[in-house]
Amino acid sequence: MTPLDFDARHLWHPYTNVLDPGPMHLITGADGVWLTRDDGTRMIDAMSSWWCAVHGHRHPAITGAMQAQLQQMPHVMFGGLTHQPAIDLGRTLVGLLPDGLDRIFYSDSGSVAIEVALKMAVQYQMALGRTGRTQFATIRGGYHGDTWKAMSVCDPVNGMHGLFSGALSIQHFLPRPQIQFDQEWSEDTDVNGLSALQELLDTKADQIAALILEPVVQGAGGMYFYHPEWLRKAHEMCKAHDVLVIFDEIATGFGRTGELFAMHHAGVVPDIICLGKALTGGHITLAATVTTETVARRIGESDASVLMHGPTYMANPLACAAAVASLEQLSARDWRAEVRAISAQLTQELSPARGLPGVADVRVLGAIGVIEMEAWVDPAIAHGLAPETGVWLRPFARNIYCMPPYIISPDELSRVSAAMVSLARGMS
Ligand SMILES: *Cc1c(COP(=O)(O)O)cnc(C)c1O
C-alpha cells in the first residue's frame, strides 16, 4: 500500500467524506509560505494552514525556541507546578491585551478555550447566586469550534453543526449584524438589528450568562465583516444587565484584521477573550482564555471556589515557548504595515472577480480576501488545481478566500489572487 493509499483507507480528514476524500497531497516540507509535496511540487499556503502560520512555516526563531525547550523539558503537569515558558507567555499576553484582561487560563485548542470561557461565565453567575443563568446569547453566522457546547453557539442552520441541532442545548440566536464593516452606521435599532438584543435582555436576561461572538469578522461562519459600532452598543446593553461579554478572537487575534485584536476596531474590552490559532505562529497547538480580576475573584470567592477545568496538557511548555517566540516576532516586525500592504494588494487584485457571473460579493479586511460565490464551492476542485497553480486554497461553503502569512511577498500574493480569480471564473 502506498502512503496515500493507506491514508485513504485508514485516516479521517476534517469535514471530509471517508469514501470520497477527493485529491490528497502528501506534504513533506513547509518553509515560509511554501508547502512541498513528496514529488517536489511546491504550493503557496494561502490559508496560513487554517489561519495560524502568520510568520510563515518553520520560522527559525520559533523552531529555535522550541528546540531549546525540548532539550530542557517538553512537558510537566500544570497542577501544583509551574514553569518559565508559561510565566513568560503570561507576561507577554498581559502586556499585549488591554488593561483589565489579565487572568489567563491555558488550554490545548480553540474549542477548549471556548468551553472554558462558557464555564467561567456560568460559574461567575452562580457565584452571584444567579443559578438560572445557564444559557448563552450569540449572533447568527458564528463559528466557535467543534466541541459540544461550542457547537451549540455556532450558527444553528447554515453553520457546520446544523446536523446536531436536535441534540444541542438551546441558546438564544440574534440576527447577524446587518450593517457591514465599511457601510454607514445607523442609530435606528430596527436597521442596525440591536432591537432584537434589547428585547432578549429585557425579557430573558435572568437566563443568560453571557453573550459570545466573534468581534467584527465572522470566520468559518461565512467570512463576514460587520460594523464595530454594533459591538460597542451591544457591550453597553449587556453591561446594564450584567450579562458577560465573551469575544472569540481565535481567528481574528494577532493582527489578522489590521488591528492587533479585532476588538480594537470597536474600542471595546470584553469580560472574557479566547485566543488560539496564530498564538504559536502555526507551529504547535495552544489556546488561552483570558478574563478580568472581577470574574476570577468572584469564582474564587464562590462556594465552588475553583474553575472546574484542567486539561492534561495545560500550558504545555513547548507550546508556551513557541508562543513567546511567535509574539516576539510580531513585536519585532511591522506587522501592521505588512497587513496593510496585503490588504491594498488584495483589494486591487481581487476586484476583477466582482464582475464575473456567479460572484455574489468581493471583500477584503486586513489580510483576509474573500470572493463570495452565489453557489456552493467544491473544495476538491481547488485541491485538484493546487499543484498546477502553485497555490493552496481550501474554499468553504460559498467562499473562495485567502488568509496568507503576513510575510508573503507581493509576487507570491499576486499568484494567490490570480488563483482565486481563476477559480471563481472556472465556476461561472
Ligand atoms: C478555529 C476556531 C475555533 C476553534 O479552534 P480549534 O483550535 O479548531 O478548536 C473557535 N473559534 C473560532 C472563531 C475559530 O476560527
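*Asks:* Sorry, what's going on with the overall build of the protein chain here?
*Replies:* Helices and strands together make up the secondary structure of the protein chain, namely 15 helices and 16 strands. A globule of 428 residues ought to have a C-alpha radius of gyration of about 22 Å, and the protein chain, at 21 Å, matches this closely. In terms of overall dimensions, the protein chain has a C-alpha envelope of 60 × 55 × 45 Å along the principal axes. Expressed as a percentage of the 428 residues in the protein chain, the buried residues total 53%. Element-wise, carbon and sulfur atoms account for 54% of the exposed surface of the protein chain, whose accessible area totals about 18,300 Å². One way to put it: in the protein chain the 29 positive side-chain charges average out to a point 2 Å from where the 44 negative ones average out.

*Asks:* How should the pattern of salt bridges be read in this particular structure?
*Replies:* Between side chains of opposite charge, a pair can form as their charged atoms come close. Under the counting rule described, the total for this entry stands at 15 salt bridges. A salt bridge links Arg-336 to Glu-259; its shortest N-O distance comes to 3.4 Å. Remark: Glu-259 occurs in the loop between strand 10 (244-248) and helix 10 (263-266) and Arg-336 occurs in helix 13 (residues 335-350); sequence separation between them is 77 residues. What you see here is one network of salt bridges that share partners, running through Arg-103, Glu-293, Arg-297 and Glu-301.

*Asks:* Honestly, the site of the ligand in this entry has me stumped. Any pointers?
*Replies:* Near the ligand you find Trp-51, Ser-109, Gly-110, Ser-111, Tyr-143, His-144, Gly-145, Glu-214, Asp-248, Ile-250, Ala-251 and Lys-277, and these make up its full shell. Ser-111 is positioned with one of its side-chain polar atoms (N or O) 2.6 Å from an oxygen atom of the ligand. Lys-277 is positioned with one of its side-chain polar atoms (N or O) 2.6 Å from an oxygen atom of the ligand. The protein chains hide 83% of the 380 Å² of surface that the ligand would expose on its own. In terms of residue class, the shell around the ligand is made up of four nonpolar, five polar and three charged.

How each quantity is defined
Residues numbered from 1 in each chain as written. Predicted model: local features only at pLDDT ≥ 70, side-chain atom pairs only at ≥ 80, totals over all residues. Heavy atoms only, no water. Helix = DSSP H or I, 4+ residues; strand = E, 2+ residues; numbered from the N terminus. Rg over C-alpha atoms; globule rule 2.2 N^0.38 Å. Buried < 20%, exposed > 50% of the residue type's maximum accessible area, 1.4 Å probe, protein only. Areas by Shrake-Rupley, 256 points an atom, 1.4 Å probe, with all protein chains shown as cover. Lys, Arg positive; Asp, Glu negative; His and termini not counted. Charge placed at Lys NZ, Arg CZ, Asp CG, Glu CD. Salt bridge = Lys/Arg side-chain N within 4 Å of Asp/Glu carboxyl O. Near = heavy atom within 4 Å. Polar contact = N/O pair within 3.5 Å; in protein donor to acceptor, adjacent residues only side chain to side chain. Nonpolar A, V, L, I, M, F, W, Y, C, P; charged D, E, K, R; others polar.

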